[in-house]
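Chains, contacts and geometry: an overview
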Amino acid sequence: MMWPSIALLVFVTAQRLAELALARHNTQVLLSSGAKEVAPLHYPYMVALHSCWIAGLWLLAIGRPVDPLWFAVFMVLQAGRLWVIGTLKGRWTTRIIVLPGAPLVSSGPYRFLAHPNYVVVVGEIAILPLAFGMPVYAAIFSVLNAAVLYVRIKAENEALKTTMFLK
C-alpha cells in the first residue's frame with residue numbers, strides 16, 4: 001500500500017510550507033519592529049539540507065511501510081514543534097532574528113531547554129526516515145544537520161547573549 005507513505009509525506013511537506021509562510025510573515029514583522037537578522041550566510045545551507053531531505057524522502061520512501069512505533073515518536077515531535085511555535089508566537093522564525101532589548105522567552109519548553117526547536121528538528125531528521133525503514137538515510141542527514149546546527153546554534157547563542165536580557 002502506497003497511501004500511508006504518501007499521506008505522511010504530504011503532511012510533512014504541507015507542514016513545512018505552512019511554517020515557511022509563517023516564518024516569512026514573522027520575520028517581516030520583526031524586522032519592521034527593529035529586529036536584526038544574525039548570521040544569514042548559513043541559512044541557504046539549512047534550506048538546502050531540509051529541501052534535499054524532503055525531496056529524497058519523496059523519491060525513496062514512497063510505497064515503503066510506515067513503522068507504527070517510529071510514526072508515534074514522530075507525532076510526539078510534532079506536538080513539541082507546536083509547543084515551541086505556540087510559545088514563541090510572533091517571534092518564531094526559521095532565521096536567526098533578534099529584537100534588541102526584548103526579554104528571552106523562558107516559558108513553555110524554554111523552561112527546560114535553551115533550544116527546544118532544534119531538539120525537535122534533530123529528532124525529525126532522524127525519526128521520519130526511520131519510520132520508513134531507512135536508517136542509512138537517517139544517519140547521513142543527521143550528520144549533515146549536526147554540521148548546520150553547530151554553526152547555527154553557536155551564532156544564535158552569541159546573538160542572544162549580546163542583544164537580549166533575561167526576564
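About the thresholds
- Residues numbered from 1 in each chain as written.
- Predicted model: local features only at pLDDT ≥ 70, side-chain atom pairs only at ≥ 80, totals over all residues.
- Heavy atoms only, no water.
- Helix = DSSP H or I, 4+ residues; strand = E, 2+ residues; numbered from the N terminus.
- Buried < 20%, exposed > 50% of the residue type's maximum accessible area, 1.4 Å probe, protein only.
- Core = buried A, V, L, I, M, F, W, Y, C linked by side-chain atoms within 4.5 Å.
- Contact = heavy atoms within 4.5 Å.
- Salt bridge = Lys/Arg side-chain N within 4 Å of Asp/Glu carboxyl O.
- pLDDT = per-residue confidence, 0-100.
- Patch = residues over 30% accessible without salt bridge, like charges linked within 9 Å, V, L, I, M, F, W, Y side chains within 5 Å.
- Areas by Shrake-Rupley, 256 points an atom, 1.4 Å probe, with all protein chains shown as cover.
- Expected span 1.5 Å × (residues − 1).

Below, the discussion takes up unusual backbone geometry. We note that Ala39 has phi near 50 degrees; this positive angle belongs to a residue other than glycine. Examined against the element boundaries, Ala39 turns out to sit in the loop between β1 (36-37) and α2 (43-60). Taking the relative accessible area as the measure of exposure, Ala39 reaches 30% and is therefore partly exposed. For Lys89, which is not glycine, the phi dihedral falls at a positive 50 degrees. Summarising the element assignment, Lys89 is placed in the loop between α3 (68-88) and β2 (97-98).

One finds Val12, Trp53, Leu57, Leu128 and Phe132 to be the most contacted residues of the largest nonpolar core, which totals 22 residues. Contributions of two or more residues to this core are made by α1 (3-32), α2, α3, α4 (116-131) and α5 (135-163). In terms of residue count, the dominant contributor to this core is α2 (six residues). Those residues in contact with Leu57 that lie beyond four places of it in its chain are Leu9, Ile62, Leu128, Pro129, Phe132, Met134 and Tyr137. Counting residues in hydrophobic clusters, the runner-up holds seven residues, among them Val84, Leu88, Trp92 and Tyr110.

Here the focus is the pattern of salt bridges. Here the structure, examined in full by the defined rule, presents five salt bridges. In this structure, Arg16 engages Glu124 in a salt bridge whose closest nitrogen and oxygen atoms are separated by 2.8 Å. Remark: Glu124 occurs in helix α4 and Arg16 occurs in helix α1; sequence separation between them is 108 residues. The partner of Arg81 in a salt bridge is Glu124, with the nearest N and O atoms 2.2 Å apart. Linking Arg81 in helix α3 with Glu124 in helix α4, this pair joins segments that are 43 residues apart in sequence.

A residue-level look at the chain finds 98% of positions with pLDDT of 70 or above and a mean pLDDT of 94. Of all the helices and strands in the chain, α5 carries the lowest mean pLDDT, 93, while α4 carries the highest, 98.

The next point concerns a nonpolar patch on the surface. A surface patch of nonpolar side chains, about 330 Å² in accessible area, is lined by Met2, Ile6, Val10 and Trp58. With respect to the secondary-structure elements, Val10 resides in helix α1. Taking relative accessible area as the criterion, Val10 reaches 42% and is therefore assigned partly exposed.

Let us look at α1. In this model, α1 (30 residues) spans 43 Å end to end at C-alpha, consistent with the 44 Å of a helix rising 1.5 Å per residue. On its buried face, α1 is in contact with α2, α3, β2 and α4. One or two steps after α1, the chain reaches Gly34, where phi turns positive at roughly 100 degrees.

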